[in-house]
Amino acid sequence: MTNLRVSDNIGFFRDQKFGSWRSNTLQCFCSKSIASNTISSEISKQANFRVTYLTNSCRLPPEDAKLAASKVELQSQKGADSVLALLSSHGLSETQISKLVKSHPRVLLADPEKTLSPKIEFFSSVGLSREDLARVLSFNPHLLSSSLENQIVPSYNFLRNMISKENVVAVLKRRSWMFLENHSRNVMPNIEALREPRACISLLLAYDTQVLMHNDDELVQLVNEVKGIGFDLKKSTFVVALRALCGKSSRAIWNRNREIHKRSWGWPDDDVISAFRKSPQCMMLSEKKIMRTMDFLVNKMGWYASMIPTYPVILCFSLENRIIPRCSVVKVLMKKGLVDEKLSLAYALLPAEKQFLERFVTRYLSQVPNLLSVYEGELDLQDV
């Protein structure tokens, strides 16, 4: 029989051997297919294991578990269990561990004894409480993957040379990312550019390290501006003022609040600056907070808007928890003629609660037995 070539590329021949030859090709193909399916099945099995483990043991929601599983090659449950046990033994709650693993799933691959324990023990040794440690690690789990010798300890020493041990712990609790920074590149140029007293630098490091991350030229200009307004560089209000004016968004809020006070309440620029100097926080409030508080004090209590710049910290007080309860008591006493209607705003709102109660509640209980109920919001003014 004549052989007939069907295709030079495929190389199939139409003869009596075709069946045998074709059978060998299919056998080879099937073997590769089976191997490929086996590998795919194993990969799928591992992926399912990771998702199941992250869901059941780490309490991640299914979608978060799938995402985390794609970031970590978790091979053994034993190692991951040891990591979870270590974190739990140092006070991390189930919720905090879940948050930590979601943010940094590769922590499950770390060696609990050689890698994690030394870092946790270091943080505890410098004064971080068990509760704070749990909070810091769940918020910034990348601390556990940073080098203790090359990053964490040098960062601690850098800060400790500038501020007290207590303030270093405060930085760790509020700005733990500082322990991940390249200080020679990001912070030291600003410290050198400022050339300010050590007390000023210490305050910035202790209370607002974020300010020190800005461009050094901009920071020097900002410090000079704040000094020009009249802030004392040795006081914490100086740092708050820097924060209030540092960056485009903060500056925009400050400018907006200035316009609110000028347009809505008739404050001249001098009053705005005076209020800012006394209580820089008052220029960082939301428009809603300013308007509600001013409306209550001026329109409900009858105090002059021009009085507020003298005591601007009052704007920062809680309207519901402090201002309204105290003013309700004062209104009752004014109505009954027990206090002067020209009572100072500061005399009622600035004292600590114990002093306020002694001054305005306890003192008048014999004349107004329900006064405490008014203060606690249990009784309406009209019912007294």
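Residues numbered from 1 in each chain as written. Predicted model: local features only at pLDDT ≥ 70, side-chain atom pairs only at ≥ 80, totals over all residues. Heavy atoms only, no water.

Draft legend 1. Summary view of the overall build of the chain. For the chain, the count of helices and strands is 20 helices and two strands. Counted over contacts in the chain with a minimum sequence separation of 6, partners at least 24 positions apart contribute 66%. (Helix = DSSP H or I, 4+ residues; strand = E, 2+ residues; numbered from the N terminus. Contact = heavy atoms within 4.5 Å.)

Draft legend 2. Broad picture of helix H12 (residues 216-229). The terminal C-alpha atoms of H12 lie 20 Å apart, and with 14 residues this matches the ideal 20 Å at 1.5 Å per residue to within 8%. Buried within H12 are the following residues: Leu 219, Leu 222, Val 223, Val 226 and Ile 229. Looking down the long axis of H12, one finds its buried residues gathered within 120° of arc, a one-sided arrangement. Opposite the buried face of H12, by more than 90 degrees, sit the exposed residues Asp 217, Gln 221 and Gly 228. Immediately downstream of H12, the backbone of Gly 230 shows phi near 120°, a positive value. (Expected span 1.5 Å × (residues − 1). Buried < 20%, exposed > 50% of the residue type's maximum accessible area, 1.4 Å probe, protein only. Arc of directions from axis to C-beta.)

Draft legend 3. How the structure looks around the pattern of salt bridges. All told, the structure shown has eleven salt bridges when counted by the stated rule. Linking Lys 262 and Asp 269 is a salt bridge whose minimum nitrogen-to-oxygen distance equals 3.4 Å. Take Asp 269: its relative accessible area is 39%, and that puts it in the partly exposed class. With its nearest N and O atoms 3.3 Å apart, the salt bridge here joins Asp 295 to Lys 300. A cluster of three or more residues bridged by salt bridges with shared partners is formed by Asp 132, Arg 135 and Lys 173. (Salt bridge = Lys/Arg side-chain N within 4 Å of Asp/Glu carboxyl O.)

Draft legend 4. Focus on the environment of Leu 365. With respect to the helices and strands, the residue Leu 365 is situated in the loop between helix H19 (353-361) and helix H20 (371-375). With sequence-adjacent residues up to four places away left out, Leu 365 is seen in contact with Leu 371 and Leu 372.

Draft legend 5. Structural detail: unusual backbone geometry. With a phi close to 60°, Arg 59 is a non-glycine residue in the positive phi region. For Arg 59, the location among the structural elements is in the loop between helix H1 (18-56) and helix H2 (62-69).

Draft legend 6. View of the packing of aromatic side chains. Under the defined criterion, the tally for this structure stands at eight aromatic pairs. Ring centres of Phe 231 and Phe 276 lie 5.3 Å apart, and the angle between their planes is 75°; this geometry places the pair in the edge-to-face category. Taken together, the positions of Phe 231 in the loop between H12 and helix H13 (236-245) and Phe 276 in helix H15 (residues 269-278) put the pair 45 residues apart, joining distant regions of the chain. For Phe 276, a relative accessible area of 0% translates into the label buried. Look at Tyr 347 and Phe 360: their rings are 5.6 Å apart centre to centre, the planes differ by 75°, and that puts the pair in the edge-to-face class. Taken together, the positions of Tyr 347 in helix H18 (residues 345-349) and Phe 360 in helix H19 put the pair 13 residues apart, joining distant regions of the chain. Accessibility expressed as a relative area gives 37% for Tyr 347, which makes it partly exposed. Here a set of aromatic residues connected by ring pairs shows up, and it is made of Tyr 347, Phe 356, Phe 360 and Tyr 375. For the cation-ring pair, Arg 322 lies above Phe 317, with the distance from its terminal atom to the ring centre recorded as 3.9 Å. (Phe/Tyr/Trp six-rings, centres within 6.5 Å; stacked < 30°, edge-to-face > 60°. Lys NZ or Arg CZ within 6 Å of the ring centre and 35° of its normal.)

Draft legend 7. The side chain of Ser 279, seen in detail. Among the structural elements, Ser 279 can be located in the loop between H15 and helix H16 (287-300). Residues within four places of Ser 279 in sequence aside, it is in contact with Pro 312, Val 313 and Cys 316.

Draft legend 8. The arrangement of the packing of H16 against helix H17 (residues 319-335) in detail. Remark: H16 packs on H17, axes separated minimally by 12 Å, with the N-to-C direction vectors making an angle of 0°. Our classification of the angle between H16 and H17 gives roughly parallel. Note on element contacts: H17 touches H16 through Leu 319, Glu 320, Ile 323, Ile 324, Cys 327 and Lys 331, opposite Lys 289, Arg 292, Thr 293, Phe 296, Leu 297 and Lys 300. Taken together, the residues of the contact of H16 with H17 break down into six nonpolar, one polar and five charged. (Axes fitted to C-alpha atoms, helices over the stretch in contact; angles between N-to-C directions. Parallel < 35°, antiparallel > 145°, perpendicular 65-115°, else oblique. Nonpolar A, V, L, I, M, F, W, Y, C, P; charged D, E, K, R; others polar.)

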